[in-house]
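Summary of structural features
For reference, the chains in residue letters:
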Amino acid sequence: MSETPMPLWEVFIRARTGLAHRHVGSVHAADAEMALQAARDTYTRRGEGLSIWVVPAAAITASDPADKDMLFEPTASKPYRHPTFYTVPEEVGHM
Amino acid sequence: MYTQALNQADPETVATEEPGRLARFQERIDAEERIEPNDWMPAAYRRTLIRQISQHAHSEIVGMLPEGNWITRAPSLRRKAALLAKVQDEGGHGLYLYAAAETLGVTREELVDQLLSGAAKYSSIFNYPTLTWADIGAIGWLVDGAAIMNQIPLCRTSYGPYARAMIRICKEESFHQRQGYEIMLTLCRGTPEQKAMAQDALNRWWWPALMMFGPPDSESQHTAQSMRWKIKRFTNDELRQKFVDATVPQGLHLGLTFPDPDLRFDPETGHWRFGAIDWEEFRRVLAGHGPCNRERLEARRRAHAEGAWVREAALANAAKRRQRAAYAAQRIAAE
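Think of each chain on its own: its residues are numbered from 1, step by step along the sequence as written. Key to labels: chains lettered from A, ligands numbered from 1, both in the order written. It should be noted that, the model being predicted, local features are given only for residues of pLDDT at least 70 and side-chain atom pairs only at 80 or more, the latter also being counted only at that level, while totals for whole chains, interfaces and linings use all residues. The side-chain quantities take in all heavy atoms of the structure and omit both hydrogens and water.

Identification of chain A as 1,2-phenylacetyl-CoA epoxidase subunit B from Elioraea tepida is taken from an unreviewed UniProt entry.

Here it is as structure tokens:
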């Protein structure tokens, strides 16, 4: 089949006010408006959301899993970034 | 729904991969880590998943046809609304699954093409006709019941996007089985003719539902690799037995009988023992010679062909709008 591929969009939904939009899946659509409609039909048939974002999948830049150690390992050796690293006398109370 | 794809052997052996990477991959699997789209994975793992997930997606899409057959003839508005919602769910499930398969590097167009050309398989169950309204009850109760049995372990499958799609699907699927059982219950409490209709539907769907779990373990050695990779977590026979044990008491509650003279309860093991399955029929249906194989594929091909102009028009309209926006931006820049 020599059909033109339908662009891919990633779908993010805000489940309730106060929550962030969360990735739920993807849809194919010709433009943003149709992607929103397709996302609504595909991912919100049971009141799953109050707001939808659709983003062209091609616009997302992802980190390479092979770089996982280089990117994230250094934080493992920095316990001083956590509150429990520091001692506060008990009589001082909650801090 | 359907793990029948896992019963096919992969043409290439795992041995072609670099052993160190393979071992590390297996360690991740054994540690119950999820594999994500950009992670390294053996080529055979990728192929097995593409085949499995896309066959599952095709099954959802083709599965809309036998039930869609009854939407306009549902006996009440309540039944019609429920059936319409169920068929919409099947469509949605197909789309979640296509999207999960696409994360493995195959395009939607390729997947659809594989279904329409007959290269890809879908669950054998959808090649049986829905002759009466009771069939809608039997499908919900038995076919969706079998699907749930198959799908719940897939929520823990090792490939992340597939597992996440399955969690959504399982949440939505429970209503499908309950509405089917309710239809059966209503018919069984109705007139003798209505009860006979329910019995006839059970008689026709029982064996095909048992076949949905795929060939017996003794004949499907290929599941071993899928179990090692934790794509699949139970064997065909284990799942089939679970389904029979859960379903027989439900059928007896309806006051119906099962079309199996050998069906009996084994008090020692606590299992319902069932008679021999006609695997020749299963192979025939899978090979394309079931009662509705041609009709189902023709319906999908027609729908795809008749929708082609809509897809073309939508793309042309999007291109035109992009062009106009670019032109307007140029003019503003020039002024």
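From this point, the narrative continues.
Remarks on helix α12 (residues 293-306) of chain B
The cut-off we apply is this: Counting from the N terminus, the helices are DSSP H or I runs at least four residues long and the strands are E runs at least two residues long. What a helix should span is 1.5 Å times the count of its residues minus one. In this description, contact between two residues means that some pair of their heavy atoms is separated by no more than 4.5 Å.
In this model, α12(B) (14 residues) spans 20 Å end to end at C-alpha, consistent with the 20 Å of a helix rising 1.5 Å per residue. At its buried positions, α12(B) is contacted by α2 (43-62), α3 (64-68), α5 (108-116), α11 (279-289) and α13 (308-334) of chain B.

Some points on the layout of surface pockets
The criterion, for reference: Of the grid points, spaced at 1 Å and generated over the protein atoms alone, those admitting a 1.4 Å probe that cannot get out make up cavities, while open sets with protein on both sides within 12 Å along at least five of seven lines make up pockets; any residue with an atom within 4 Å of a point is treated as lining. Grid points are joined across faces, edges and corners, and a volume is the space filled by probe spheres set on the points. Classification convention: Asp, Glu, Lys, Arg as charged; Ala, Val, Leu, Ile, Met, Phe, Trp, Tyr, Cys, Pro as nonpolar; all other residues, Gly among them, as polar.
Roughly 1200 Å³ of volume is contained in the second largest pocket. Contributing to the lining of the second largest pocket are 35 residues, with H28(A), L95(B), R108(B), R300(B) and R311(B) lying nearest its centre. Taken together, the elements giving at least two residues each to the lining of the second largest pocket come down to β2 (22-28) and α1 (32-43) of chain A together with α3, α4 (77-102), α5, α12 and α13 of chain B. No other element matches α4(B), which puts six residues into the lining of the second largest pocket. Tallied by class, residues from the lining of the second largest pocket come to 19 nonpolar, nine polar and seven charged.

Section: the packing of helix α7 (residues 160-188) of chain B against helix α8 (residues 192-211) of chain B
Residues and elements named next belong to chain B. Here is the rule: Angular values range over 0 to 180 degrees, each being the angle between N-to-C directions of two axes fitted as lines to C-alpha atoms, with helices fitted over their stretch in contact. Working rule for angles: under 35 degrees goes down as roughly parallel, over 145 as roughly antiparallel, 65 to 115 as roughly perpendicular, anything else as oblique.
The geometry of α7 relative to α8 is characterised by a closest axis approach of 7 Å and an angle of 140 degrees between their N-to-C directions. It follows from the interaxial angle that α7 and α8 lie oblique. Contacts from M184, L187 and C188 of α7 reach α8 at Q194, K195 and A198. Split by residue class, the contact of α7 with α8 holds four nonpolar, one polar and one charged.

Topic: the sheet that holds strand β3 (residues 51-56) of chain A
Residues and elements named next belong to chain A. Stated formally: Whether two strands pair depends on DSSP finding at least two bridges between them.
Taken together, the three strands give an open sheet; going across it, the order is β2-β1-β3, and neighbouring strands pair in antiparallel fashion. With partners counted over all chains shown, the strands left at the sheet margins are β2 and β3, one partner each. On average, adjacent strands in this sheet sit at an angle of 30 degrees to one another, irrespective of strand direction. Where strand β1 (residues 8-14) meets β3, six bridges bridge the pair, whose relative direction is antiparallel. By the bridge assignment, W9 is partnered in β3 with P56.

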